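Architecture and fold: a report
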Amino acid sequence: MRPHFPLTRRRARRRMAGALSAALVCTAGLTAVPAAARTPDAPARGPAAPHAPRLPDGLAKTPPMGFNNWNSTHCRAEFNEAMIKGIADLFVEKGLKAAGYEYVNLDDCWAESERDANGKLVPNATRFPNGIKAVADYVHSKGLKFGIYTSAGTRTCAQAMPGALGHEYSDARQFADWGVDYLKYDNCNNQGVDAKQRYITMRDALKATGRPIVYSICEWGENKPWEWAADVGHLWRTTGDISDVWESMVTIFKANAPLARYAGPGHWNDPDMLEVGNGGMTDTEYRSHFSLWSMMAAPLLIGTDLRKATPATYEILGNREILAVDQDALGKQAEVLASEGGRWVLSKPLAGGDRAVALFNETDRPQRIATTAKDAGLPQASGYRLRDLWKHRDTHTGGEIAATVPARGTLVYRVSADRQWPHYPPTVETGTARDPGPVEAGTEARLGTLTRNLGQTPALDVKIGLKGPQGWRVEPVTPTEAAALPPGKTLATAWKFAPPAGTKPGAYELTLTTDYRSTRGQRVTDTLAVPVHAVVPPPAGTSYASDLTPVTATNGWGPVERDTSVGGPQAGDGGPLRIGGVPFAKGLGAHAPSDITYYTGGRCSSFGAQVGVDDETGDRGSVTFEVWADGRRVADSGKLTGTDPAKAVSASVAGASTVRLVVLDGGDGVQYDHADWADAKFGC
């Protein structure tokens, strides 16, 4: 089983199935293997030089691209020879090979649980009845490369097969004989042996085979490999395992982004494999995942079963313009230029002098994000070509790079100081003047939109449109057209809209459209989704929070659950709410950090709940519960741990339009922070 929350694991990577309490602890408190027993198969020689030359030159000049099965299969039965061959087939059939993906890699559980009488690894007879070499040969027959997995310990992370500690030279020789081109070397069950020593030993064993093998160091960033591994391996993990949830991806991004100076051709920071297509995030979130990994010059190892992938997944993974950013020959990782209020700006130098610029919106609401060509590192110029790498479209700007970025979205531009900039249409930015906020069904609300010309030539015949869902009334209050919008000028439009009475509470979208043409006759049309929450205030009397529809709900691990604990990362996988041995039939299962907002419309007077850490984590976890009414904190539980009984919290929320239920980490990281709002209810 993966770590309960992978980015907070300090000591262990956990992969075996079973209860949380049974997860493996791979590195702490284990007895070291005697030095003489660590590498019995090593040739007689002196100790490894701490700064010996890298593995064969010419490998991993750009970040490796390919596939690894772990994120989609773990050790389940579908991980087998047929799957791996099927992935190789799809690399060719779907154009992924042509786009640059080349490695088809196995992860844990490919071998039998014990070595043979000669100390050799034995392929699992059920998964790989024809052996590993036959699979490698098949992958090679497709013009692709083949990768394998083991751990720098006595057992691998799933405990399913032997690790390579003490068998490095024998295993490396076996891998080379099978035709392995890539080795992922994990960190579980390492017996307390020094990490540098273990990874250098395998480096030397791989070199001794004479076969060029890309060496992926997977020690989770515990010993800061970015500081010492550039002459040991070709890439190194900088964090714990990724999971297919937004919070995991973003936390890994934040940990890896500051390490840009350590990356370069032949030595890459590795923020773990891709989750694109595995179903735990939206396509917008997956585009952000893919964009950020490419900006960070990260290895791109597909982690979804391509035999089941959607067209949208193939479109994301196959975006050659984004891939070109990742694979740029200069080999630079993007630098973070700004990161305020969830608004991120990253700039990546590219060969030839261009810059890739990403505008990333971490938040759950659209936000305007802006920078300039100068700040991104471009030289002074009269104009710049702005290539949108997701829309595959060119416009020009006088220097400003700005856009309203959708919630959890990322825009990526290739920016050039191009003398031909007048040949491209001007960049026209359109967004909302403010967040429309919750809107009661049957009532009218107002919205302002702003359309601004960022280019150096006029935008002509400008038309702005706004549409709502079927049955919604949407009308302009001020003009929606301009014959010409000169450079730097803005068209402001006011709108009124109303969801019809009886509209079901929930999230909806208004579609904002901007249409214009350039002085050369080029027509440009852009659309922006404007999220709107239709709300209904709670009825008079007492209402359980779990029976109401929140305006927004963010959670640190999986979705917020109704009347069950949060459980795992998927919806509906929790159990009965229970705090300190006391069960509760009603309530919310959350996980720090969490923020759940309800619309009360000034009609409620009180909120109360029994709060605490759910028993499913044992005595682990520590959290704080807070209640906020219209931006004012009205209740605070203080720190509660897994050993505490439920605590009653109550608050006056009289007159408040919205009430937020917030869970914060208790100060020791968010691992095991399963937080229950048991018996949570409003008095209205």
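Residues numbered from 1 in each chain as written. Predicted model: local features only at pLDDT ≥ 70, side-chain atom pairs only at ≥ 80, totals over all residues. Heavy atoms only, no water.

**Some remarks on the overall build of the chain**
If you tally the helices and strands in the chain, you get 11 helices and 38 strands. For the chain, the C-alpha radius of gyration of 27 Å lies close to 26 Å, the compact-globule estimate for 684 residues. The dimensions of the chain, computed from C-alpha atoms along their principal axes, are 85 × 70 × 40 Å. Taking all 684 residues of the chain together, the buried fraction comes to 57%. Intrachain contacts of the chain at a sequence separation of at least 6 include 72% that bridge at least 24 residues. Just so you have it, the chain exposes about 25500 Å², and 51% of that area is on carbon and sulfur atoms. Side-chain charges of the chain comprise 74 positive and 75 negative groups, with the mean position of each set lying 4 Å from the other. (Helix = DSSP H or I, 4+ residues; strand = E, 2+ residues; numbered from the N terminus. Rg over C-alpha atoms; globule rule 2.2 N^0.38 Å. Buried < 20%, exposed > 50% of the residue type's maximum accessible area, 1.4 Å probe, protein only. Contact = heavy atoms within 4.5 Å. Areas by Shrake-Rupley, 256 points an atom, 1.4 Å probe, with all protein chains shown as cover. Lys, Arg positive; Asp, Glu negative; His and termini not counted. Charge placed at Lys NZ, Arg CZ, Asp CG, Glu CD.)

**Overview of the packing of helix H3 (residues 81–93) against helix H5 (residues 131–141)**
Helix-helix packing is characterised by the crossing angle of the two axes and by the distance between the axes. Relative to each other, H3 and H5 sit at 10 degrees, their axes nearing to 9 Å. By the angle class used here, H3 and H5 are roughly parallel. The residues of H5 that touch H3, namely those facing Glu 81, Ile 84, Lys 85, Ala 88 and Asp 89, are Val 135, Tyr 138 and Val 139. (Axes fitted to C-alpha atoms, helices over the stretch in contact; angles between N-to-C directions. Parallel < 35°, antiparallel > 145°, perpendicular 65-115°, else oblique.)

**Description of the nonpolar core**
Soluble globular proteins: nonpolar side chains tend toward being buried together. The biggest cluster of nonpolar side chains holds 93 residues, and the ones touching the most others in it are Phe 91, Tyr 101, Trp 110, Phe 290, Trp 293 and Leu 306. Look past the residues within four positions of Phe 91 in its chain and what remains in contact with it is Gly 66, Phe 67, Leu 96, Lys 97, Tyr 101, Glu 102, Tyr 103, Val 104, Leu 144, Ile 302 and Leu 306. Judged by nonpolar contacts, the second largest core, of 30 residues, contains Ala 592, Phe 607, Ala 656 and Ala 680. (Core = buried A, V, L, I, M, F, W, Y, C linked by side-chain atoms within 4.5 Å.)

**Here's the deal with the pattern of salt bridges**
For the coordinates displayed, the defined rule picks out 42 salt bridges. With its nearest N and O atoms 3.0 Å apart, the salt bridge here joins Glu 400 to Arg 368. One end of the pair, Glu 400, is in strand E15 (residues 400–405); the other, Arg 368, is in strand E12 (residues 367–372), and 32 residues separate them in sequence. Residue class for Glu 400 comes out partly exposed when judged on its relative accessible area of 23%. Taking relative accessible area as the criterion, Arg 368 reaches 42% and is therefore assigned partly exposed. One salt bridge in this structure joins Glu 475 and Arg 473, with 4.0 Å as the shortest N-O distance. Here Glu 475 falls in the partly exposed class, since its relative accessible area comes to 30%. (Salt bridge = Lys/Arg side-chain N within 4 Å of Asp/Glu carboxyl O.)

**Focus: the confidence of the model for the chain**
Chain-level pLDDT for the chain is 92 on average; 92% of the residues reach the 70-or-more range. Low pLDDT (under 50) marks residues 44–53, which in the prediction has 14 contacts with non-local residues, meaning those over four places away or in another chain. (pLDDT = per-residue confidence, 0-100.)

**Description of the environment of Ile 252**
Among the secondary structure elements, Ile 252 is positioned in helix H8 (residues 246–256). Looking at Ile 252, the relative accessible area reads 0%, which means it is buried.

**Comments concerning the state of the cysteines**
Per the stated rule, a full pass over the model turns up 3 disulfides. Each sulfur of the disulfide joining Cys 75 and Cys 109 lies 1.8 Å from the other. Judged by the sign of its S-S torsion, about 65 degrees, the bond between Cys 75 and Cys 109 is right-handed. Separated by 34 residues along the polypeptide, Cys 75 in the loop between helix H2 (70–73) and H3 and Cys 109 in the loop between strand E2 (103–105) and H5 bring together distant segments of the chain. Here Cys 75 falls in the partly exposed class, since its relative accessible area comes to 24%. Shown here is the disulfide that connects Cys 157 with Cys 188, its sulfur atoms set 2.0 Å apart. The S-S bond linking Cys 157 to Cys 188 shows a torsion near 100 degrees; that makes this disulfide right-handed. One end of the pair, Cys 157, is in the loop between strand E3 (145–151) and helix H6 (168–178); the other, Cys 188, is in the loop between strand E4 (182–186) and helix H7 (195–209), and 31 residues separate them in sequence. Since its relative accessible area comes to 0%, Cys 188 is described here as buried. (Disulfide = S-S within 2.5 Å.)

**Structural notes on the pairing of E12**
Of the two faces of E12, the one lined by Gln 367, Ile 369 and Thr 371 is fully buried and the one lined by Arg 368, Ala 370 and Thr 372 carries no buried residue. Here E12 runs beside E15; their pairing, made up of 6 bridges, is antiparallel. Note on E15: the bridge partner recorded for Thr 372 is Glu 400. (Pairing = 2+ DSSP bridges.)

**Structural notes on the pairing of E3**
For E3, a buried count of 6 out of 7 residues is recorded, marking the element as mostly surrounded by other parts of the structure. Two elements, E2 and E3, share 3 bridges in a ladder whose sense is parallel. Bridge pairing in E3 places Tyr 103 opposite Lys 145. After leaving E2, the chain enters H5 and then returns to the sheet as E3, a path that is right-handed. Taken together, the 5 bridges between E3 and E4 define a ladder with parallel strand orientation. Looking across to E4, one finds that Ser 151 is bridged to Asp 186. Taking the sense of rotation as the criterion, the β-α-β connection linking E3, H6 and E4 turns out right-handed. (Right-handed = clockwise from strand over helix to strand, strands pointing away.)

**What about the packing of aromatic side chains?**
Applying the stated rule across the entire model yields 16 aromatic pairs. The interplanar angle of 65 degrees and the centroid separation of 6.3 Å between the aromatic rings of Trp 110 and Phe 175 together place this pair among those described as edge-to-face. Of this pair, Trp 110 sits in the loop between E2 and H5 while Phe 175 sits in helix H6, and the two are 65 residues apart along the sequence. Classification of Trp 110 by relative accessible area gives buried; the value is 0%. (Phe/Tyr/Trp six-rings, centres within 6.5 Å; stacked < 30°, edge-to-face > 60°.)

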